[in-house]
Amino acid sequence: MKDLTLITCSYNTPKIIETMMKSFKYHHNISNFPIIIMENSTNEETTEFLKSLNISFVRTVGGSHATQMEKALKMCKTRYAIVVDTDIVFTKNIESIFEDFKERGLTLAGIECGDRGGFMLYPRIHPWFMLIDIENVNTKNISFINYEKLEKTNSICFYNLTVDSTLIKEQKHYDVGATFREDIIEAGLKVENRLDYENFFKHYEGSSWRMNCGNEELERIARDTWNNYQAEIEKYKDVDLENIFVGV
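Fair warning: this is a prediction, and the values are worked out from it, not measured in the lab. (Residues numbered from 1 in each chain as written. Predicted model: local features only at pLDDT ≥ 70, side-chain atom pairs only at ≥ 80, totals over all residues. Heavy atoms only, no water.)

A.B. asks: Help me understand the overall build of the chain, please; the structure alone is not making it clear to me.
C.D. replies: A count of helical and extended segments in the chain gives 9 helices and 10 strands. Taking 248 residues into account, the globule formula puts the C-alpha radius of gyration at 18 Å, and the chain, at 18 Å, falls close to it. Dimensions along the principal axes, computed over C-alpha positions, put the chain at roughly 50 × 45 × 30 Å. The buried share of the chain, reckoned over its 248 residues, is 51%. Taking contacts inside the chain between residues at least 6 apart in sequence as the whole, the part at least 24 apart equals 74%. Element-wise, carbon and sulfur atoms account for 46% of the exposed surface of the chain, whose accessible area totals about 11,700 Å². (Helix = DSSP H or I, 4+ residues; strand = E, 2+ residues; numbered from the N terminus. Rg over C-alpha atoms; globule rule 2.2 N^0.38 Å. Buried < 20%, exposed > 50% of the residue type's maximum accessible area, 1.4 Å probe, protein only. Contact = heavy atoms within 4.5 Å. Areas by Shrake-Rupley, 256 points an atom, 1.4 Å probe, with all protein chains shown as cover.)

Here it is as structure tokens:
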């Protein structure tokens with residue numbers, strides 16, 4: 001899988017990023033694979049883990065997922081990127097969908113979603129698993145965040161995880177990744193909704209930020225998710241990550 005970089009953002013969950021990386025290695029014959037890790041943790045556990053593997057990373061304590069993703073896409077040196085959340089666990093080799101992505105001349109592909117949580121939302125590709133043609137995005141000068149669109153629709157709160165009940169639910173908003181998808185389409189580039197991508201990963205949603213978010217119900221869900229996640233840790237525990245990834 002030449003010309004591909006793995007991109008992810010990490011927050012206070014060293015065991016989760018470790019398992020994500022191990023699952024990728026488990027299903028792919030790789031070494032010195034380029035990875036961009038935006039490390040937003042408020043503790044030192046993840047940085048110590050990454051340093052033990054000699055993997056460089058970008059540290060911004062408490063940084064938001066969206067702003068760090070924008071930086072990561074600008075940093076990418078390969079033509080293509082696969083962007084995942086750390087709580088993704090790969091279940092298959094992705095080479096087939098990567099080759100198809102290139103052959104079809106796509107710029108963005110993944111699983112599309114729209115309205116959720118009672119809000120009217122512009123469509124987006126779920127930001128926890130996306131294939132991106134970085135070269136096309138840069139050629140058209142497209143950023144992951146379009147602040148003008150966020151301001152016009154009062155959507156910045158979705159990017160800062162500060163959504164509350166005062167928002168007008170009858171008004172349409174942009175959730176994380178929605179302006180990115182829309183700007184790519186407006187630039188005349190191809191975006192594709194690929195429901196089959198769901199066969200290549202499991203997503204343990206909210207495994208990092210939900211754990212201590214201050215919402216009792218979400219924290220309960222996070223604890224249940226973490227309990228289920230233990231089977232993934234056990235499955236990939238013996239995968240050796242030495243010399244597998246190289247930070248850029």
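A.B. asks: Explain the environment of Thr 225 to me, please; I cannot follow it from the model alone.
C.D. replies: Examined against the element boundaries, Thr 225 turns out to sit in helix H9 (residues 216-235). The spatial distance from the C-alpha of Thr 225 to the C-alpha of Tyr 204 is 6.5 Å, given a sequence separation of 21 residues.

A.B. asks: So what exactly am I meant to see when it comes to the nonpolar core here?
C.D. replies: Considering soluble globular proteins, one finds that nonpolar side chains tend to be buried as a cluster. If you look at the biggest cluster of nonpolar residues, it comprises 34 residues, and the most contacted ones within it are Leu 6, Met 21, Ile 82, Phe 90, Ile 94, Phe 129 and Phe 245. The biggest single contributor to this core is helix H1 (residues 14-27), with 4 residues. Dropping the residues within four chain positions of it, Ile 94 is found in contact with Met 1, Leu 4, Phe 24, His 28, Ile 82, Phe 129 and Phe 200. Ranked by size, the runner-up nonpolar core spans 33 residues in total, among them Ile 7, Val 83, Ile 125 and Tyr 174. (Core = buried A, V, L, I, M, F, W, Y, C linked by side-chain atoms within 4.5 Å.)

A.B. asks: It is not clear to me how the pairing of strand E1 (residues 4-10) should be interpreted in this structure. Could you clarify?
C.D. replies: On any regular strand, side chains alternate: one points to one face of the sheet, the next to the other face. Burial runs high along E1: 7 of the 7 residues are buried. Here E1 runs beside strand E4 (residues 80-84); their pairing, made up of 4 bridges, is parallel. Considered in E4, the bridge of Leu 6 is made with Ile 82. Direction of pairing for E1 relative to strand E2 (residues 33-39): parallel, over a ladder of 5 bridges. Bridge assignment links Thr 8 to a residue of E2, and that residue is Ile 37. (Pairing = 2+ DSSP bridges.)

A.B. asks: Can you help me understand the side chain of Lys 149 in this one?
C.D. replies: Looking at the secondary structure, you find Lys 149 in helix H6 (residues 147-152). Only 2.6 Å separates the side chain of Lys 149 from the side chain of Asp 183, close enough to count as a polar contact. Not counting chain neighbours up to four residues away, the residues in contact with Lys 149 comprise Tyr 174, Thr 179, Glu 182, Asp 183 and Glu 186. (Polar contact = N/O pair within 3.5 Å; in protein donor to acceptor, adjacent residues only side chain to side chain.)

A.B. asks: Sorry, what's going on with the packing of aromatic side chains here?
C.D. replies: We describe a pair of aromatic rings using the distance from one ring centre to the other and the angle between the two ring planes. The full count for this structure, using the stated rule, is 15 aromatic pairs. Plain terms: the ring middles of Tyr 80 and Phe 98 are 5.4 Å apart, the flat faces sit at 80 degrees to each other, and that makes the pair edge-to-face. In this pair, Tyr 80 sits in strand E4 while Phe 98 sits in helix H4 (residues 95-103), placing the two residues 18 residues apart along the sequence. Taking the relative accessible area as the measure of exposure, Tyr 80 reaches 9% and is therefore buried. (Phe/Tyr/Trp six-rings, centres within 6.5 Å; stacked < 30°, edge-to-face > 60°.)

A.B. asks: Explain the pattern of salt bridges to me, please; I cannot follow it from the model alone.
C.D. replies: Pairing is possible between side chains that carry opposite charge, provided their charged atoms lie close to one another. This structure, assessed with the given rule, holds 21 salt bridges. One salt bridge connects Glu 112 with Arg 181, and the closest N-O pair in it is separated by 3.4 Å. Note that Glu 112 is positioned in strand E6 (residues 108-113) and Arg 181 in helix H8 (residues 178-186), a separation of 69 residues in sequence. Assessed through its relative accessible area of 30%, Glu 112 is described here as partly exposed. Residue classification places Arg 181 among the buried residues on the basis of a relative accessible area of 15%. A salt bridge links Lys 237 to Glu 234, with the shortest nitrogen-to-oxygen separation between them at 2.8 Å. For Lys 237, a relative accessible area of 43% corresponds to the partly exposed category. (Salt bridge = Lys/Arg side-chain N within 4 Å of Asp/Glu carboxyl O.)

A.B. asks: Quick question: what am I supposed to make of the environment of Ser 64 here?
C.D. replies: Considering the arrangement of structural elements, one finds Ser 64 in the loop between strand E3 (58-59) and helix H3 (65-75). Residues Ser 64 and Lys 140, 76 residues apart in the sequence, show an inter-C-alpha distance of 24 Å. Sequence-distant contacts of Ser 64, defined by excluding residues within four places in its chain, comprise Asn 40 and Tyr 159. In terms of polar contacts, Ser 64 uses its side chain to reach the side chain of Thr 67, at 2.6 Å.

A.B. asks: Is there a simple way to think about the packing of H1 against helix H2 (residues 45-52) in this case?
C.D. replies: Interhelical geometry of H1 versus H2 gives an angle of 35 degrees and a closest axis separation of 8 Å. The segment H1 lies against H2, with Pro 14, Ile 17, Glu 18 and Met 21 engaging Glu 45, Thr 46 and Phe 49. Looking at side-chain class alone, the contact of H1 with H2 contains 4 nonpolar, 1 polar and 2 charged residues. (Axes fitted to C-alpha atoms, helices over the stretch in contact; angles between N-to-C directions. Nonpolar A, V, L, I, M, F, W, Y, C, P; charged D, E, K, R; others polar.)

A.B. asks: Could you clarify how one ought to interpret H8 in this entry?
C.D. replies: Each turn of an α-helix holds 3.6 residues, which means side chains three or four residues apart point in the same direction. By the criterion of burial, H8 is predominantly enclosed, with 7 of the 9 residues buried. Within H8 the residues assigned to the buried category are Ala 178, Thr 179, Phe 180, Arg 181, Glu 182, Asp 183 and Ile 184.

It is worth stressing that arrangement in space is one thing and function is another; only the former is reported here.
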